[in-house]
Amino acid sequence: MHDPSTPDAPPTRHLGSWALIAAAVAITVGAFGYVGGWLAPHRLTPKKLVNQLQNNAGTFPGYRRNHAKGVCVTGYFDSNGQAQPYSSADVFAAGRTPLVGRFAIPGGNPYAPDSSVPIRSMALRFAQANGQQWRTGMNSMPVFPVSTPQAFYEQLQAQQPNPATGKPDPAKLAAFFAAHPETAAFRAWAKTAKPSASFATENYWSLDAFVFTNSAGKRQPVRWRMVPEATDTGSSAGSGPDYLASDLAQRLSQGPLRWHLLVTLAQPGDPTNDATKAWPADRATIDAGTLVLEHTEPQDSGPCRDINYDPLVLPDGIEASDDPLLPARSAAYADSYLRRTSEEAHLPGTAVAHPMPETKP
């Protein structure tokens, strides 16, 4: 006899619920498949982007796939409260917020000479008292070369060294720039940019736009930059391949280094989805407080080693804008993090310095 308490199939009245659940599961699986590239093999994925970084620089187990060479720093942010009318984030309340940061140079080779590129980067993780974090990565250039992840991928492809020469193919680079006129502002900056002698004297821009929200829910698009108190001594690149870390340690031995966090407020019509375009210079700017760095440590043993400086780790009061580079950066950082933390880091001189396309994480 059939026992109604243990039915062989759900009653008819529950079929609709089961169908909805099945549909939800199918949509979720489909979404993950799309994000992972499983259902769209020609779609740009984080894996393809990070593989291209490896193709360009080689693979160095245990290191970040970009900005591989760097040093850890620690200190705090001393807010003056001036940004509170625009953001409810605890970091902007008057007082100090501890942070762990990292200075680096672009590229996937952790042994590259500091003078090999004119760009320096600053990454910070602010640890708020309420347990939320703010992570941000900034670069010492006022604009980004391209505005979309696909264009950045194509730029990396154009920059891939020719095996015969060890350098990019000039014809491929010329073709890329001709197809991407939005790179003009960055190229104009790069023509006069020179490798600096110190991390401490650089300005660092967020490049991407974000959105501040205050306690009343009002939204304000912003960009920010760190402006140093230290001044350039007039020298250009230092001596030796690792002069940036040495200079930083020497400066910090004499006392903390300081930057001012300047927040620029967008006006209606200012682009928030295009990092190649600077906002007009007359936009209102707020000095939100002072970044104070006190100590530096090597990245292989310092507190920044295991931090993924994902720009979408944001506290209440700060939101992502519609800039398409932000989710792409977040996804690529995650892929790079998974790869390097699953590898055994090699000692200097033993890195696997050859491309490894389509490697597993």
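Scroll up to find the structure this text is about.
Quick caveat, the model's predicted, so the values are computed rather than measured.

Analysis parameters
- Residues numbered from 1 in each chain as written.
- Predicted model: local features only at pLDDT ≥ 70, side-chain atom pairs only at ≥ 80, totals over all residues.
- Heavy atoms only, no water.
- Helix = DSSP H or I, 4+ residues; strand = E, 2+ residues; numbered from the N terminus.
- Buried < 20%, exposed > 50% of the residue type's maximum accessible area, 1.4 Å probe, protein only.
- Contact = heavy atoms within 4.5 Å.
- Areas by Shrake-Rupley, 256 points an atom, 1.4 Å probe, with all protein chains shown as cover.
- Pairing = 2+ DSSP bridges.
- Salt bridge = Lys/Arg side-chain N within 4 Å of Asp/Glu carboxyl O.
- Axes fitted to C-alpha atoms, helices over the stretch in contact; angles between N-to-C directions.
- Parallel < 35°, antiparallel > 145°, perpendicular 65-115°, else oblique.
- Left-handed = near helix turned anticlockwise from the far one by under 90°.
- Disulfide = S-S within 2.5 Å.
- Nonpolar A, V, L, I, M, F, W, Y, C, P; charged D, E, K, R; others polar.
- 1 Å grid on protein atoms, 1.4 Å probe; cavity = no way out; pocket = protein on both sides within 12 Å on 5 of 7 lines; lining within 4 Å.
- Points joined across faces, edges and corners; volume = space filled by probe spheres on them.
- Core = buried A, V, L, I, M, F, W, Y, C linked by side-chain atoms within 4.5 Å.

Draft legend 1. Summary view of the overall build of the protein chain. Helix and strand content of the protein chain: seven helices and 10 strands. Residues classed as buried in the protein chain amount to 43% of the 361 residues present. Of all intrachain contacts in the protein chain linking residues separated by at least 6 positions in sequence, the fraction that spans at least 24 positions is 74%. Here the protein chain displays about 18000 Å² of accessible surface, and carbon together with sulfur accounts for 58% of that area.

Draft legend 2. Main features of the pairing of strand β6 (residues 210-213). Taking every second residue as pointing to the same face, both faces of β6 are buried, with F210 and F212 on one and V211 and T213 on the other. Here β6 runs beside strand β7 (residues 219-228); their pairing, made up of four bridges, is antiparallel. Looking at the pairing, V211 lines up with P221 of β7. As paired elements, β6 and strand β10 (residues 318-320) share three bridges and run antiparallel to each other. Counterpart to V211 in the pairing with β10 is E319.

Draft legend 3. Fine view of unusual backbone geometry. Notably, H67 is not glycine yet its phi reads approximately 55°, a positive angle. Its location among the elements puts H67 in the loop between α2 (46-57) and β1 (69-79). One non-glycine residue, L207, lies in positive phi territory at about 65°. Mapping L207 onto the fold places it in the loop between β5 (204-205) and β6. By relative accessible area, L207 is classed as buried at 7%.

Draft legend 4. Quick peek at the pattern of salt bridges. Under the defined criterion, the tally for this structure stands at 11 salt bridges. Here D114 ties to K69 by a salt bridge, and the two come within 2.9 Å at their closest N and O atoms. On the criterion of sequence distance, the pair formed by D114 in the loop between β2 (95-105) and β3 (121-127) and K69 in strand β1 is long-range, its members being 45 residues apart. Between R283 and D282 there is a salt bridge, with the nearest N and O atoms lying 2.9 Å from each other. The exposed category is assigned to D282, whose relative accessible area is 60%.

Draft legend 5. Looking closely at the packing of α2 against helix α3 (residues 149-159). Relative to each other, α2 and α3 sit at 20°, their axes nearing to 9 Å. The pairing of α2 with α3 is recorded here as roughly parallel in orientation. Once α2 is placed against α3, the crossing between them reads as left-handed. In contact with K48, L49, Q52, L53 and N56 of α2, α3 contributes F152, Y153, L156, Q157 and Q159.

Draft legend 6. The pairing of β2, seen in detail. Extensive coverage of β2 is indicated by the burial of eight of its 11 residues. Where β2 and β3 come together, six bridges link them in antiparallel fashion. Residue pairing for β3: F103 is matched across the bridge by M122.

Draft legend 7. Quick look at the state of the cysteines. Evaluated as defined, the whole model comprises one disulfide. The side chain of C72 participates in a disulfide bridge whose partner is C304; the two sulfur atoms lie 1.9 Å from each other. Taking the sign of the S-S torsion, -80° for the link of C72 and C304, the bridge is left-handed. With C72 in strand β1 and C304 in the loop between β9 (285-298) and β10, this residue pair connects regions lying 232 residues apart in the sequence. For the pair shown, C72 and C304 are each scored as buried.

Draft legend 8. Molecular detail of the packing of α2 against helix α7 (residues 325-341). Viewed as axis vectors pointing N to C, α2 and α7 meet at an angle of 65°, and their least axial separation amounts to 9 Å. Crossing of α2 against α7: the hand is right-handed. Two secondary-structure elements touch here, α2 through P46, K47, L49, V50, N51 and Q54 and α7 through A331, A332, D335, S336 and R339. Among the residues making up the contact of α2 with α7, the classes are represented as five nonpolar, three polar and three charged.

Draft legend 9. Region of interest: empty space enclosed by the protein. Under the defined criterion, the tally for this structure stands at one cavity of 30 Å³ or more. What the largest cavity holds in volume is close to 40 Å³. By residue class, the composition of the lining of the largest cavity is four nonpolar, four polar and two charged.

Draft legend 10. Layout of the nonpolar core. Formed by 38 residues in total, the largest nonpolar core has its most connected members in F92, F103, M122, W224, M226, W259 and L261. The residues touching W224, leaving out its near neighbours within four places in the chain, are W134, T136, M138, Y204, W205, S206, F210, F212, L261, L262 and V263. Core analysis: the next-biggest nonpolar cluster, separate from the first, contains 20 residues, L49, L53, F176 and L325 among them.

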